[in-house]
Amino acid sequence: MAVLATSALLAIVGPAAPASAGDRHDGKTLRSAAPRDLRIGTAVAGGGHHVDQPYPDPFFHDKPYRKVLAREFSSVSPENQMKWEFIHPERHRYNFGAADAIVRFARQNGQAVRGHTLLWHSQNPAWLNEGTFTKAELRSILKSHIYTVVGRYRGQIHQWDVANEIFNENGEYRQENIFIRELGPGIVADAFRWAHQADPKAQLFLNDYGVDWPGAKVDAYEALAKELLAARVPLHGFASQAHLSMRYGAPDQLASVLQRFDDLGLYTAITELDVRMDLPEGGVPTAEQLQTQARYYRTVLDACLAVDDCNSFTIWGFTDKYSWVPVFFPSEGAATVMWDDFSRKPAYYALLEGLRQAR
Ligand code: G3I
């Protein structure tokens, strides 16, 4: 896999990879540099694509990884461990082991937890996707899942991604979402209501990718947010995942998108930031690519900082070693802020500097 090829090469060619050359770390961490009202988060690697990789579960087995996870971040998001297929593998059986361990780790390290996710079209278990249910059964399955999972972590979750990726690019509801398809879009409001009943303190979010520029998808979220707020549904936030590719240009309109939701009185957040690039032959990014990547990371951070109530800034993994990107996009990679050995890239320093300036 490109991940391994990259790490092997970095060990040989050092200079192209600023593992040692550019590592001017002086004891500051992202979490300590951040303004008080902004959580700095990362996905916690495990489940999903990691299951097929030639390494054991990172969160449980990689000690240096856990050290960086605790040191650098004030918020953690289970990458896969709270998704339906992981946490609810059979209709009448839940698997809380990994999620419990992450919540415990967060408590021990003074970190918030972002719960991910409750209503999504992807990574649902076969029993749900392939089962035959009446509408009433499906509704009760969703309600009891939300009560059970959200209720278990009541008081311990800062924010929940209640509805994840519910719109297509053209702003229509995704029909791949079994609950929306079978029960209609009104189920979104119910999911928020149930989550709020199960944990009245958690901030409840709409979350999606492809909302970094204005367009039909952002319009759809804005209309939905207005509708939910008017109906007094407990919606508290709107988040951009911000999975970016250097193929498509810098997200220079993100602040204006976030501002539209801030104007509605909602919190905003960045929840899954990474910036992938086309890797040159040999798999090692050029210095110029790394600078461009750093600029993109900084642009996203600045967008969050520019908006009053952007209160959580999360990257989707901090090391290339465990990134989902090369698994999904074989010719792209190097999308995170650290190399495989946890040494820092220019993107890391761009964030650190941006946070320092904002304090
Ligand atoms: O379900 C199939 C299984 O049937 C098959 O046998 C196996 C063989 O490889 O693959 C399984 O699918 C895997 C899936 O996780 C389910 O566990 C995929 O290969 C694997 O690539 C996938 O990865 C996760 C992905 O979500 C799924 O969409 C990644 O670990 C995770 O980082 C990623 O995270 C998502 C966020 O939750 C939402 N926003 C986008 C983000 C990036 O895709």
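Reading guide: rules and limits
- Residues numbered from 1 in each chain as written.
- Predicted model: local features only at pLDDT ≥ 70, side-chain atom pairs only at ≥ 80, totals over all residues.
- Heavy atoms only, no water.
- Helix = DSSP H or I, 4+ residues; strand = E, 2+ residues; numbered from the N terminus.
- Rg over C-alpha atoms; globule rule 2.2 N^0.38 Å.
- Buried < 20%, exposed > 50% of the residue type's maximum accessible area, 1.4 Å probe, protein only.
- Contact = heavy atoms within 4.5 Å.
- Areas by Shrake-Rupley, 256 points an atom, 1.4 Å probe, with all protein chains shown as cover.
- Near = heavy atom within 4 Å.
- Polar contact = N/O pair within 3.5 Å; in protein donor to acceptor, adjacent residues only side chain to side chain.
- Nonpolar A, V, L, I, M, F, W, Y, C, P; charged D, E, K, R; others polar.
- Axes fitted to C-alpha atoms, helices over the stretch in contact; angles between N-to-C directions.
- Left-handed = near helix turned anticlockwise from the far one by under 90°.
- Disulfide = S-S within 2.5 Å.
- UniProt positions renumbered as here; feature names shortened; annotations may be inferred.
- Expected span 1.5 Å × (residues − 1).
- Phe/Tyr/Trp six-rings, centres within 6.5 Å; stacked < 30°, edge-to-face > 60°.
- Parallel < 35°, antiparallel > 145°, perpendicular 65-115°, else oblique.
- Salt bridge = Lys/Arg side-chain N within 4 Å of Asp/Glu carboxyl O.

## Quick notes on the overall build of the protein
Here is step 1 of the chain: When you go through the protein residue by residue, the secondary structure sums to 15 helices and 10 strands.
Here is step 2 of the chain: Computed over the C-alpha atoms, the radius of gyration of the protein is 20 Å, within 12% of the 21 Å expected from 2.2 N^0.38 for a compact globule of 359 residues.
Here is step 3 of the chain: Each principal axis of the C-alpha atoms in the protein carries an extent, and together these give about 60 × 40 × 40 Å.
Here is step 4 of the chain: Within the protein, the fraction of its 359 residues that count as buried is 58%.
Here is step 5 of the chain: If you take every contact in the protein between residues at least 6 apart in sequence, the share linking residues at least 24 apart comes to 80%.
Here is step 6 of the chain: In the form shown here, the protein has an accessible surface area of approximately 14,300 Å², with 51% of it arising from carbon and sulfur atoms.

## Remarks on the site of the ligand
Here is step 1 of the chain: By nearness alone, 19 residues border the ligand, and D52, E79, K83, E85 and E272 come closest of all.
Here is step 2 of the chain: H49 is positioned such that a nitrogen or oxygen atom in its side chain is 2.7 Å from an oxygen atom of the ligand.
Here is step 3 of the chain: The side chain of H116 places a nitrogen or oxygen atom 2.7 Å from an oxygen atom of the ligand.
Here is step 4 of the chain: Across the complex, the protein chains shield 66% of the 800 Å² of accessible surface that the ligand would expose by itself.
Here is step 5 of the chain: A per-class count over the shell around the ligand returns four nonpolar, nine polar and six charged.

## Considering the packing of helix α8 (residues 135–152) against helix α10 (residues 186–198)
Here is step 1 of the chain: Two numbers describe how α8 lies on α10: the axes approach to 8 Å, and their chain directions differ by 35 degrees. By crossing handedness, the relation of α8 to α10 is classed as right-handed. Each of R139, L142, K143, I146, Y147, V150 and G151 in α8 lies in contact with α10, whose residues at this interface are I187, D190, A191, W194, A195, Q197 and A198.
Here is step 2 of the chain: When the residues that make up the contact of α8 with α10 are grouped by side-chain class, the tally is nine nonpolar, two polar and three charged.

## Quick notes on the state of the cysteines
Here is step 1 of the chain: On inspection of all chains with the given rule, the structure shows one disulfide.
Here is step 2 of the chain: The residue that forms a disulfide with C304 is C310, at a sulfur-sulfur distance of 2.0 Å. Judged by the sign of its S-S torsion, about -100 degrees, the cystine formed by C304 and C310 is left-handed. Like C310, C304 is buried.

## Looking at unusual backbone geometry
Here is step 1 of the chain: H116 connects to T117 through a cis peptide bond whose omega is 5 degrees.
Here is step 2 of the chain: Checked against the element boundaries, T117 lands in strand β3 (residues 112–119).
Here is step 3 of the chain: Of note, A242 is a non-glycine position whose phi angle comes to about 65 degrees, a positive value.
Here is step 4 of the chain: Within the element layout of this structure, A242 appears in the loop between β6 (237–240) and β7 (243–245).
Here is step 5 of the chain: Judged by relative accessible area, which is 0%, A242 ranks as buried.

## Observations regarding the UniProt feature "domain: GH10" (unreviewed entry) in the protein
Here is step 1 of the chain: Mapped onto the present numbering, the UniProt feature "domain: GH10" (unreviewed entry) falls on residues 60–354.
Here is step 2 of the chain: Span residues 60–354 is 43% helix and 17% strand, its end C-alpha atoms 31 Å apart.

## Overview of helix α11 (residues 216–230)
Here is step 1 of the chain: With 15 residues, α11 extends 21 Å from end C-alpha to end C-alpha; this agrees with the ideal 21 Å at 1.5 Å per step.
Here is step 2 of the chain: Of the residues making up α11, those classed as buried are K217, V218, A220, Y221, E222, L224, A225 and L228.
Here is step 3 of the chain: Trailing α11 by a residue or two, R232 shows a phi angle of about 60 degrees, which is positive.

## Here's the deal with the packing of aromatic side chains
Here is step 1 of the chain: Within this structure, the stated rule accounts for 20 aromatic pairs.
Here is step 2 of the chain: Ring plane angle 80 degrees and centroid distance 6.3 Å describe the contact between F96 and Y153, whose orientation is recorded as edge-to-face. Separated by 57 residues along the polypeptide, F96 in the loop between α5 (84–87) and α6 (97–108) and Y153 in the loop between α8 and β4 (159–164) bring together distant segments of the chain.
Here is step 3 of the chain: Of the residues examined, F96 reaches a relative accessible area of 14% and is grouped as buried.
Here is step 4 of the chain: A relative accessible area of 2% places Y153 in the buried class.
Here is step 5 of the chain: Seen from their ring centres, F167 and Y173 are 4.5 Å apart, and the 45 degrees between their planes marks the pair as tilted.
Here is step 6 of the chain: Among the residues examined, F167 registers a relative accessible area of 3% and is labelled buried.

## Observations concerning the packing of α11 against helix α12 (residues 254–262)
Here is step 1 of the chain: Where α11 meets α12, the closest approach of the two axes is 10 Å, and the angle between their N-to-C directions is 15 degrees. The pairing of α11 with α12 is recorded here as roughly parallel in orientation. As for the relative orientation of α11 and α12, their crossing is right-handed in sense. Counted together, V218, D219, Y221, E222 and A225 of α11 and V257, R260 and F261 of α12 form the full contact between these two elements.
Here is step 2 of the chain: Residue composition of the contact of α11 with α12, by class: five nonpolar, no polar and three charged.

## So, the pattern of salt bridges
Here is step 1 of the chain: Per the stated rule, a full pass over the model turns up 20 salt bridges.
Here is step 2 of the chain: Among the ionic pairs, R71 bridges to E72, the shortest N-O distance being 3.4 Å.
Here is step 3 of the chain: We classify E72 as buried; its relative accessible area is 0%.
Here is step 4 of the chain: R93 is the partner of E90 in a salt bridge, and the nearest nitrogen-oxygen pair spans 3.2 Å.

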